[in-house]
Amino acid sequence: AAWPLRRRPPLANIASHSLAAAGSLLGGLCAVSVLIGQKTVISPPLAMPLGEVYLRVDSLSAWFLLALGIVGSAAGIYAVFYSREYYRRDFFLLAGLFNLFLLTMTLVFTAAHVAGFLIAWEMMAIVSFLLVNHEHEKSETRRAAFIYVVMTHIGAAFLLAAFFLLGKAAGSLDFTRFAGAVQDQTTRNFIFVLILIGFGAKAGMIPLHIWLPRAHPAAPSHVSALMSGVMIKTAIYGICRFLLDFLGPGP
């Protein structure tokens, strides 16, 4: 909605952020439905070179989708009033990227294939980098965005290695094939270290937290709320998915 209304910022503001709040609310209601019914919802697969990519919402995904629904709805409503100060600063980009940010986090929570998850993870990193760097004429903002994007890509490299080891053991990149695939305890421990570093960088765990106090204040307030309230929780979701689903209990 922000793009066709780019020459009319007040209308773009109301349309894009109202739809963002409504979409978040519907996502939250979907999560509640899955949690109450104790069911798993699976989308039709999309054929890709690495296999069939699809979305899957189970109880674990639903808990995090519910958090996204609550915070996303609140941030969308707040943004209608707060973002008026950005009308003269390529407002349609800010509003459009805000919606895209919500979408990428939804995909991270629901992707059930390594290719889909990593694409969604990388999209989330790039979109959040652009949002942090929105006021790019400020040198401190550019530096905060640069440190953030470097740290998030270092973390992604560790995640790529962890998924490679899992995929090799399972003979598949489908999440449903990962449970119990790695039998060797040393390999399981090594994967755990990889995901702790990879997801820890996104979660802001010490000593990988150097980007967080710089990036969050640099982003617009409604974006910072999403980063603090939901984005860093995508890392907690990833750790939970590995420990509760893929690897099982440790020593």
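Calculation criteria
Note that residues are indexed from 1 along each chain, following the sequence as it is written. With the structure being a predicted model, the display of local features is reserved for residues of pLDDT at least 70 and the display and counting of side-chain atom pairs for 80 or more, all residues being used for whole-chain, interface and lining totals. The side-chain values count all of the structure's non-hydrogen atoms but skip hydrogen atoms and water molecules. For helices the rule is a DSSP run of H or I covering at least 4 residues; for strands it is a run of E covering at least 2, with both sets numbered from the N terminus onward. Between the first and last residue of a helix there are one fewer steps than residues, each counted as 1.5 Å, and that sum is the expected span. The buried label applies to any residue whose accessible area, calculated with a 1.4 Å probe on protein chains only, is under 20% of its type's maximum; exposed applies above 50%, and partly exposed to all values in between. Values of bend correspond, residue by residue, to the angle between axes fitted over the seven residues ending at that residue and the seven starting there. In this analysis, rings of Phe, Tyr and Trp, with Trp reduced to its six-membered ring, are considered paired at centre separations within 6.5 Å, and the interplanar angle assigns stacked below 30 degrees, edge-to-face beyond 60, and tilted for intermediate values. For this document, the term salt bridge refers to a Lys or Arg side-chain nitrogen within 4 Å of an Asp or Glu carboxyl oxygen. Axis definition: a line fitted to C-alpha atoms, limited for helices to the stretch in contact. Angles are taken between N-to-C directions and run from 0 to 180 degrees. Here roughly perpendicular refers to angles of 65 to 115 degrees, roughly parallel to angles under 35, roughly antiparallel to angles over 145, and oblique to all remaining angles. We call two residues in contact when some of their heavy atoms are within 4.5 Å.

> Go over unusual backbone geometry, please, and point to the residues and values.
With an omega of 5°, the peptide bond between Ile206 and Pro207 qualifies as cis. Here Pro207 lies in the loop between helix 6 (185-203) and helix 7 (212-218).

> Break down helix 1 (residues 9-37) for me, citing the residues and quoting the values.
The end-to-end C-alpha distance of helix 1, which contains 29 residues, comes to 42 Å, matching closely the 42 Å that a straight helix rising 1.5 Å per residue would cover. Taken together, the buried positions of helix 1 are occupied by Pro9, Ala12, Asn13, Ser16, His17, Ala20, Ala21, Ser24, Gly28, Ala31, Val34 and Leu35. Phi turns positive, to about 50°, at Gln38, one or two residues after helix 1.

> If you had to explain helix 8 (residues 221-246) to someone new, which residues and values would you point to?
Residues separated by three or four positions in an α-helix point in the same direction, a consequence of the helix having 3.6 residues per turn. Its 26 residues give helix 8 an end-to-end C-alpha distance of 36 Å, which sits within 8% of 38 Å, the value for a rise of 1.5 Å per residue. Helix geometry: helix 8 is bent most strongly at Met227, by close to 40°. Gly248 occupies a position one or two residues after helix 8 and carries a positive phi of about 80°.

> A description of the packing of aromatic side chains should follow, citing residues and the corresponding values.
Tallied over the entire structure, the rule returns 20 aromatic pairs. Between the aromatic rings of Trp121 and Phe199, the centroid separation amounts to 5.4 Å while the plane-to-plane angle is 80°, which identifies the pairing as edge-to-face. On the criterion of sequence distance, the pair formed by Trp121 in helix 4 (residues 114-132) and Phe199 in helix 6 is long-range, its members being 78 residues apart. We classify Trp121 as buried; its relative accessible area is 2%. Judged by relative accessible area, which is 0%, Phe199 ranks as buried. Arranged with centres 5.9 Å apart and planes meeting at 40°, the rings of Phe175 and Phe178 form a pair that is tilted. Of the two residues examined, Phe175 and Phe178, each falls in the buried class.

> Give me the pattern of salt bridges: which residues, what numbers.
Inspection of every chain in the model, using the stated rule, returns four salt bridges. The closest approach of N and O atoms between Asp58 and Arg241, which form a salt bridge, is 2.8 Å. Of this pair, Asp58 sits in the loop between strand 4 (56-57) and helix 2 (59-82) while Arg241 sits in helix 8, placing them 183 residues apart in sequence. Classification of Asp58 as buried rests on a relative accessible area of 10%. One salt bridge connects Arg241 with Asp245, and the closest N-O pair in it is separated by 3.1 Å. One end of the pair, Arg241, and the other, Asp245, are both in helix 8, four residues apart, so they sit about a helical turn from each other. You can call Asp245 partly exposed: its relative accessible area is 26%. Connected through salt bridges with shared partners, the residues Arg56, Asp58, Arg241 and Asp245 form a single ionic network.

> Tell me about the packing of helix 1 against helix 3 (residues 91-110), and name the residues and values.
Interhelical geometry of helix 1 versus helix 3 gives an angle of 5° and a closest axis separation of 10 Å. By the angle between their directions, the pair helix 1 and helix 3 is classed as roughly parallel. For the pair helix 1 and helix 3, contact is made by Pro9, Ala12, Asn13, Ser16, His17, Leu19, Ala20 and Ser24 and by Phe91, Ala95, Phe98, Asn99 and Leu102, respectively.

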